[in-house]
Amino acid sequence: MSEVLVEKAGRTLAITINRPEARNSLTRTVLSLVTKAFSEATSDRNVRCVVLTGSGGSFCAGADLRRTFEDDPNLMDHLDDYMNAFHGVIRAIVRCPKPTIASIDGAAVGFGADMALSCDLRVVSTRAYIQEKFVDIGLMPDGGGTFWLPRLLGTSRALKAILLADKLEANVLDALGLVTSVVPPEELHAATMALAQRIEAGPPLAFSRAKQAVYANLGDLEAALAREREGQLELLKSKDALEGIMAWAQKRPPNFTGE
């Protein structure tokens, strides 16, 4: 079974991260397949809407650190390439001229949160939450989180979400206006596809131009990604990041020293 499922339903392309045993956490293979699917949706005139979701009761738990280090013990020697793969996904989502929907059940954590925030619309289940959890392992958001959150939440709420790694539960997301609807988990697929069908029936040229104008007015995402890249690469080489990752693997509180 593929780790990313790509299916057409009418004029909607549904992209499903399919690693439920790992809460749909991200590997290089998954990143490549999701990026490819969004790129193909961009060039397919028959696609009018793109849905991004996860299987098995979770959206995406972020990077699969355990699997990544198992597959590539020398990861620290080419962090640039790894970062390129992550940023490639965000660029593919944001550059897609078709409206994009994140259909979120359960956790959207770390880079999973950044992918959800990069989509145009979000439909969530009552058990969904978004969490920028990077600081818990001595890192910072690196998928555009520092770009999206201040614009979607305001500076104070954004810093609270980033610095305290607070969960933004479904009811909070709804109150903040970040989602189009909150539904029981068993109704999430139907609610998402109903929204997608509404978009399918709309004017694709107007949607594309409207997206282009809105995102242009937000500022320079590329500059934000570059700042995140620089900061994250520095942090990944720090003793604090090593301690954070080791503490996570050993299921103990980290002891950060500022080194």
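Read on for an overview of the structure. Keep in mind the model is a prediction, meaning the values are calculated, not measured.

### Here's the deal with the overall build of the protein
- Within the protein one finds eleven helices and nine strands.
- Against the 2.2 N^0.38 benchmark of 18 Å for 259 residues, the protein shows a C-alpha radius of gyration of 18 Å, consistent with a compact globule.
- Within the protein, the fraction of its 259 residues that count as buried is 50%.
- Looking at the protein alone, contacts between residues at least 24 apart form 70% of all its contacts between residues at least 6 apart.
- Accessible surface, the protein as shown: approximately 12,400 Å² in total, 54% of it carbon and sulfur.

### Some thoughts on the nonpolar core
- The biggest cluster of nonpolar side chains holds 53 residues, and the ones touching the most others in it are I15, L26, V34, F38, L52, I104 and M115.
- Examining the composition of this core, we find that eight residues originate from one element, helix α3 (residues 79-95), more than from any other.
- The residues touching I104, leaving out its near neighbours within four places in the chain, are F59, A116, R122, V123, V124, S125, A128, I130 and L188.
- One finds C49, V51, L188 and M193 within the second-largest nonpolar core, a separate group that totals ten residues.

### A closer look at the sheet that holds strand β3 (residues 49-54)
- In space, the six strands of this open sheet follow the order β1-β2-β3-β4-β6-β9, with mixed pairing throughout. Two strands bound the open sheet, and with one partner strand each, they are β1 (4-9) and β9 (181-183). Neighbour-to-neighbour, the strand axes of the sheet open up by a mean angle of 20°, direction not taken into account.

### Some remarks on the layout of surface pockets
- If you add up the space inside the largest pocket, you get close to 860 Å³.
- Around the largest pocket sit 38 residues that line it, and A61, A63, L65, I137 and W248 are the ones nearest its centre.
- Taken together, the elements giving at least two residues each to the lining of the largest pocket come down to α2 (65-71), α3, β7 (129-131), α10 (221-236) and α11 (239-250).
- Here the lining of the largest pocket takes five residues from α2, the largest share from any one element.
- Grouping the constituent residues of the lining of the largest pocket by class yields 22 nonpolar, seven polar and nine charged.

### Looking at the pattern of salt bridges
- Within the structure shown, the criterion is met by 13 salt bridges.
- Here K211 ties to D120 by a salt bridge, and the two come within 2.8 Å at their closest N and O atoms. Residue K211 is located in helix α9 (residues 204-218), and its partner D120 is located in the loop between α4 (111-118) and β6 (121-125); the two are separated by 91 residues in the primary sequence.
- Since its relative accessible area comes to 10%, K211 is described here as buried.
- Between D136 and K133 there is a salt bridge, with its nearest N and O atoms 3.1 Å apart.
- In this structure D136 comes out as partly exposed when scored by relative accessible area, which is 33%.
- Residue class for K133 comes out partly exposed when judged on its relative accessible area of 37%.
- Linked through salt bridges whose partners overlap, the residues forming this network are E3, R19, E21, D64 and R67.

Procedures and definitions
Residues numbered from 1 in each chain as written. Predicted model: local features only at pLDDT ≥ 70, side-chain atom pairs only at ≥ 80, totals over all residues. Heavy atoms only, no water. Helix = DSSP H or I, 4+ residues; strand = E, 2+ residues; numbered from the N terminus. Rg over C-alpha atoms; globule rule 2.2 N^0.38 Å. Buried < 20%, exposed > 50% of the residue type's maximum accessible area, 1.4 Å probe, protein only. Contact = heavy atoms within 4.5 Å. Areas by Shrake-Rupley, 256 points an atom, 1.4 Å probe, with all protein chains shown as cover. Core = buried A, V, L, I, M, F, W, Y, C linked by side-chain atoms within 4.5 Å. Pairing = 2+ DSSP bridges. Axes fitted to C-alpha atoms, helices over the stretch in contact; angles between N-to-C directions. 1 Å grid on protein atoms, 1.4 Å probe; cavity = no way out; pocket = protein on both sides within 12 Å on 5 of 7 lines; lining within 4 Å. Points joined across faces, edges and corners; volume = space filled by probe spheres on them. Nonpolar A, V, L, I, M, F, W, Y, C, P; charged D, E, K, R; others polar. Salt bridge = Lys/Arg side-chain N within 4 Å of Asp/Glu carboxyl O.

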